[in-house]
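Next come the chains, spelled out residue by residue.
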Amino acid sequence: MTKPLPRKIAVMGAGSWGTTFAKVLADSVADQGIPVQIWARRDDAANEINERHTNSRYLRETKLPANISASSNQREVLEGADLVVLAIPSQSLRRELAVFKKYFEPEAVLLSLMKGLERGTDLRMSEVIAEITQFPEDRIAVLSGPNLAMEIAREQPTASVVACADSETAQWIAELCSAPYFRPYTNDDVLGVELGGIVKNIIALAVGMCDGMGMGDNTKSTVITRGLAETTRLVLSLGGRLDTLAGLSGLGDLVATCSSSLSRNNTAGRLLGQGLFLDEVNDRMSQTAEGIKSARAVFDLARAHEVEMPITEAVVMVLEGSLSVENMAARLLARELKSEGEQN
Ligand SMILES: NC(=O)C1=CN([C@@H]2O[C@H](COP(=O)(O)OP(=O)(O)OC[C@H]3O[C@@H](n4cnc5c(N)ncnc54)[C@H](O)[C@@H]3O)[C@@H](O)[C@H]2O)C=CC1
Ligand SMILES: O=C(CO)COP(=O)(O)O
């Protein structure tokens, strides 16, 4: 490793993935004595982590190593942190970063775990980070893959992808988050890795809707496969790579999210398919289901680049109330017939 080890790692966000990924990091760097500190918005959430409180579902299922601590004080968490991991809801990133950035170490590396597109700007999280912090692209990375937090908290094996324009930075992060149950690969296609994770949430909403309406596995497989086709069109038209979409952050994450009852996006889709209104679904979801917010931004981005994304469009219409879930399949199946490999 050519880059020196970090003095400390900060994880901003004490939700399911922030807490779980902090454990992955802490397990990975425990032998080097590197502390991992989590920022929790609320004092009680920070106390739960520090006291390994048994009322929290995550802490019951997770063996948090001794080198993890938490605080609700952003300055305390960020000071001295050479690696800063961002794990908050995507639509809050811009606002929260404006505060975080005051405490970033000047040479810190920033790693986004978030899988959303910003509404209004259609920017990926790495782009929002670059815009707000003015950090160079060789110190901004993303991590994405088939990574349902609860399974990783239980130390069930999985792999992921660390993407950065600078391969040395990606390798440095990969070495810091390599645990016996977590294997990170590296990639320099940041756009492809990030968009794969964003769009699969929308496809998972569509799959969930089909499940909720009682449709079967042929339907699910069709939506997954054609979902990957429209994701591929978008990624290629924006300059990403096909091999990225065939990998863990593309097909891998799509399959995991669309098949799992642990997925919040899949669950939200299922509730919509069962006839609940979006407000009722939002009331039932205690955690972030990014696809609900990102769908419109992805659709706008695709339209701006003249990329057809019919499943995404149908999900947007359902979410915005202009198409009923019952009519979604009919709308998609009535499209003009074409060759499978056709662009658009
Ligand atoms: N949970 C999972 O299995 C995975 C989640 N992700 C991504 O990680 C990101 C974070 O997800 P989770 O940790 O699962 O979400 P979560 O809903 O469990 O937690 C989000 C955390 O962010 C905090 N937060 C900080 N500032 C906030 C603000 N301004 N508004 C609202 N909440 C704020 C909340 O208090 C909460 O602790 C999302 O983009 C998600 O797509 C990615 C891979 C796996
Ligand atoms: O991104 C995820 C798995 O890789 C988590 O999916 P959900 O946000 O739908 O739970």
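Residues numbered from 1 in each chain as written. Chains lettered and ligands numbered in written order. Predicted model: local features only at pLDDT ≥ 70, side-chain atom pairs only at ≥ 80, totals over all residues. Heavy atoms only, no water.

As annotated in an unreviewed UniProt entry, the protein chain is Glycerol-3-phosphate dehydrogenase [NAD(P)+] from Glutamicibacter mishrai. Comment text from UniProt for the protein chain, heading Pathway (unreviewed entry), reads "Membrane lipid metabolism; glycerophospholipid metabolism." The record held by UniProt for the protein chain lists under Sequence similarities (unreviewed entry) the comment "Belongs to the NAD-dependent glycerol-3-phosphate dehydrogenase family." (UniProt positions renumbered as here; feature names shortened; annotations may be inferred.)

Caption draft 1: Structural detail: the domain arrangement of the protein chain. Partitioning the protein chain into structural domains gives domain 1 (9-188) and domain 2 (191-333). On the domain 2 side, the residues contacting the 29 residues of domain 1 number 30 residues. Carbon and sulfur atoms supply 60% of the area that domain 1 and domain 2 bury against each other, a total of about 2300 Å² over both sides. Joining domain 1 to domain 2, the criterion identifies 3 salt bridges. Asp 253 is paired through a salt bridge with Lys 115; the nearest N and O atoms lie 2.8 Å apart. Our enumeration of links across domain 1 and domain 2 arrives at 11 residue pairs in polar contact (both at pLDDT 80 or more). Secondary structure elements with two or more residues in the side of domain 1 that touches domain 2: helix H6 (125-133), strand E6 (140-144), helix H7 (149-153), strand E7 (158-164) and strand E8 (182-187). The element that contributes the greatest number of residues to the side of domain 1 that touches domain 2 is E7, accounting for 4 residues. (Domains from an automatic or database assignment. Contact = heavy atoms within 4.5 Å. Buried area = accessible area lost by both parts, 1.4 Å probe. Salt bridge = Lys/Arg side-chain N within 4 Å of Asp/Glu carboxyl O. Polar contact = N/O pair within 3.5 Å; in protein donor to acceptor, adjacent residues only side chain to side chain. Helix = DSSP H or I, 4+ residues; strand = E, 2+ residues; numbered from the N terminus.)

Caption draft 2: Fine view of the site of ligand 2. Within the structure, ligand 2 sits among Lys 115, Gly 145, Pro 146, Asn 147, Leu 148, Lys 200, Asp 253, Thr 257, Leu 262, Ser 263, Arg 264 and Asn 265. The backbone of Gly 145 places a nitrogen or oxygen atom 3.0 Å from an oxygen atom of ligand 2. Protein contacts shield 92% of the accessible area of ligand 2, which totals 300 Å² for the unbound molecule. Mapped onto the shell around ligand 2, the elements with two or more residues apiece are helix H12 (248-259) and helix H13 (264-273). Split by residue class, the shell around ligand 2 holds 3 nonpolar, 5 polar and 4 charged. Each of domain 1 (9-188) and domain 2 (191-333) contributes no fewer than three residues to the shell around ligand 2. (Near = heavy atom within 4 Å. Areas by Shrake-Rupley, 256 points an atom, 1.4 Å probe, with all protein chains shown as cover. Nonpolar A, V, L, I, M, F, W, Y, C, P; charged D, E, K, R; others polar.)

Caption draft 3: Focus on empty space enclosed by the protein. Applying the stated criterion across every chain, the model contains 1 cavity of 30 Å³ or more. Estimated volume of the largest cavity: approximately 30 Å³. As for the largest cavity, its lining consists of Ser 112, Met 114, Lys 115, Val 142, Leu 143, Ser 144, Glu 194 and Gly 197. Listing elements by their share of the lining of the largest cavity, those giving two or more residues are E6 and helix H9 (190-212). Top contributing element to the lining of the largest cavity by residue count: E6, with 3 residues. (1 Å grid on protein atoms, 1.4 Å probe; cavity = no way out; pocket = protein on both sides within 12 Å on 5 of 7 lines; lining within 4 Å. Points joined across faces, edges and corners; volume = space filled by probe spheres on them.)

Caption draft 4: Up close: the packing of helix H10 (residues 217-237) against H12. Two numbers describe how H10 lies on H12: the axes approach to 11 Å, and their chain directions differ by 150°. Taken together, the axis directions place H10 and H12 in an arrangement best described as roughly antiparallel. In terms of crossing hand, the pair formed by H10 and H12 is right-handed. Note on element contacts: H12 touches H10 through Leu 251, Leu 254, Cys 258 and Ser 259, opposite Lys 220, Ile 224 and Leu 228. Each residue belonging to the contact of H10 with H12 can be placed in one class, and the counts come to 5 nonpolar, 1 polar and 1 charged. (Axes fitted to C-alpha atoms, helices over the stretch in contact; angles between N-to-C directions. Parallel < 35°, antiparallel > 145°, perpendicular 65-115°, else oblique. Left-handed = near helix turned anticlockwise from the far one by under 90°.)

Caption draft 5: Here's a closer look at the site of ligand 1. With respect to spatial proximity, 24 residues lie near ligand 1, and among them Trp 17, Glu 96, Ala 149, Thr 288 and Glu 290 are the closest. Residue Ser 16 places a side-chain N or O atom 2.9 Å away from an oxygen atom belonging to ligand 1. Out of a free accessible area of 820 Å², ligand 1 has 87% covered by protein chains. Counting only elements with at least two residues in the shell around ligand 1, the list comes to helix H1 (16-29) and helix H5 (93-100). When residues in the shell around ligand 1 are grouped by element, the largest group, 3 residues, is from H1. For the shell around ligand 1, the class distribution of residues is 10 nonpolar, 8 polar and 6 charged.

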